[in-house]
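# Working through the structure, step by step
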Amino acid sequence: ASGFDPAVPTVWLAEGLLMYLSAADAADLMKQVGQLSARGSAVFHDAVSAEYLNARVSVAGAPFIGASDEYVNMWRSIGGFGSGYAHDFRAIKVDRARRRIDVDRRWPEATAARCAGQQVVLFVEVEME
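In short, a report on the structure. The residue numbers shown here count from 1 along each chain, following its written sequence. Predicted model: local features are reported for residues with pLDDT of at least 70 only, side-chain atom pairs are reported and counted for 80 or more only, and whole-chain, interface and lining totals are derived from all residues. No hydrogens and no water enter the side-chain calculation; it runs on all heavy atoms of the structure.

### Thoughts on the side chain of H45
- A run of H or I in DSSP becomes a helix once it reaches four residues, and a run of E becomes a strand once it reaches two; helices and strands are each numbered from the N terminus. Structurally, H45 can be placed in strand β2 (residues 42-48).
- Here a polar contact means two N or O atoms within 3.5 Å. Within protein one must be a hydrogen donor candidate and the other an acceptor candidate, and residues neighboring in sequence count only if both atoms are side-chain atoms. A distance of 3.0 Å separates a polar atom in the side chain of H45 from a polar atom in the side chain of W75.
- Contacts are assigned to residue pairs that have any heavy atoms within 4.5 Å of one another. Apart from the residues within four sequence positions on either side, H45 is in contact with A14, L18, Y71, W75, L122, F123 and V124.

### Considering the pairing of β2
- Of all 7 residues that make up β2, 6 are buried, and the element is covered over most of its length.
- Two strands qualify as a pair provided DSSP detects at least 2 bridges between them. Both strand β1 (residues 11-14) and β2 contribute to a ladder of 4 bridges, which runs parallel. Looking across to β2, one finds that V11 is bridged to A42.
- A crossover links β1 with its parallel partner β2, the connecting element being helix α1 (residues 23-36), and its sense is right-handed.
- When β2 meets strand β8 (residues 121-127), the two strands line up antiparallel, connected through 7 bridges. Note that in β8 the partner of D46 across the bridge is F123. Buried, partly exposed and exposed residues are distinguished by accessible area as a fraction of the type maximum, computed with a 1.4 Å probe on protein chains only: under 20%, between the cut-offs, and over 50%, respectively. By definition, the crossover connecting two strands over a helix is right-handed if that path, from the first strand to the second, turns clockwise as seen with the strands pointing away from the viewer.

### Considerations on the layout of surface pockets
- Put simply, the largest pocket is a space of about 190 Å³.
- For each structure, a 1 Å grid was placed over the protein atoms alone; sets of points admitting a 1.4 Å probe that cannot get out are labelled cavities, open sets with protein on both sides within 12 Å along at least five of seven lines are labelled pockets, and lining residues have an atom within 4 Å of a point. Around the largest pocket, the lining residues are L13, E15, H45, D46, F89, I92, V94, I101 and F123.
- Contributing elements (two or more residues each) for the lining of the largest pocket: β2 and β6 (92-95).
- The nonpolar class holds Ala, Val, Leu, Ile, Met, Phe, Trp, Tyr, Cys and Pro. Asp, Glu, Lys and Arg form the charged class, and all remaining residues, Gly among them, are polar. Looking at the lining of the largest pocket residue by residue, the classes come out as 6 nonpolar, 1 polar and 2 charged. Grid points are joined across faces, edges and corners, and a volume is the space filled by probe spheres set on the points.

### A closer look at empty space enclosed by the protein
- Tallied over the entire structure, the rule returns 1 cavity of 30 Å³ or more.
- Considered as a void within the structure, the largest cavity measures approximately 40 Å³ in volume.
- The wall of the largest cavity is formed by Y85, H87, D88, A91, V103, D104, R105, W107 and P108.
- Grouping the amino acids of the lining of the largest cavity by side-chain chemistry returns 5 nonpolar, 1 polar and 3 charged.

### What to know about the pattern of salt bridges
- Salt bridges are defined by distance alone: a side-chain nitrogen of Lys or Arg within 4 Å of a carboxyl oxygen of Asp or Glu. Summed over the entire model, instances satisfying the criterion amount to 4 salt bridges.
- Of the charged contacts, one joins R90 and D88 as a salt bridge, the two residues approaching to 2.6 Å between their closest N and O atoms.
- Looking at R90, the relative accessible area reads 52%, which means it is exposed.
- The shortest N-O distance in the salt bridge between R106 and D104 comes to 2.9 Å.
- R106 gets classed as exposed once you look at its relative accessible area, which sits at 74%.

Everything listed here is a matter of geometry and, on its own, says nothing about what the molecule does.
Written as structure tokens, this is what we have:
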């Protein structure tokens, strides 16, 4: 059989999406992904801190309408995910030659307290436990 099987762990990638979703739509996405995710599933996405909304950022005419300093907590409370980590995107390096992402662990986690009042691009990862 082929197709999606919600009993099998899945990797979800939401690249360049959450900043274009309203808070309600982001919550709906998190809830639905959580309902479809087996134990061991993971979500990876980029996002921006809440301060970006004050900056009125627009890319190719599309304004950012979604931002948060609390993505990991949102995935936990809305999506039912367990462990998670929000990276400051400056800690992320793409190693194209080795086809992998390297994370500089010297950067502290981009917690709500660290993001408050700051424009921070985030790389978020959460896992269903």
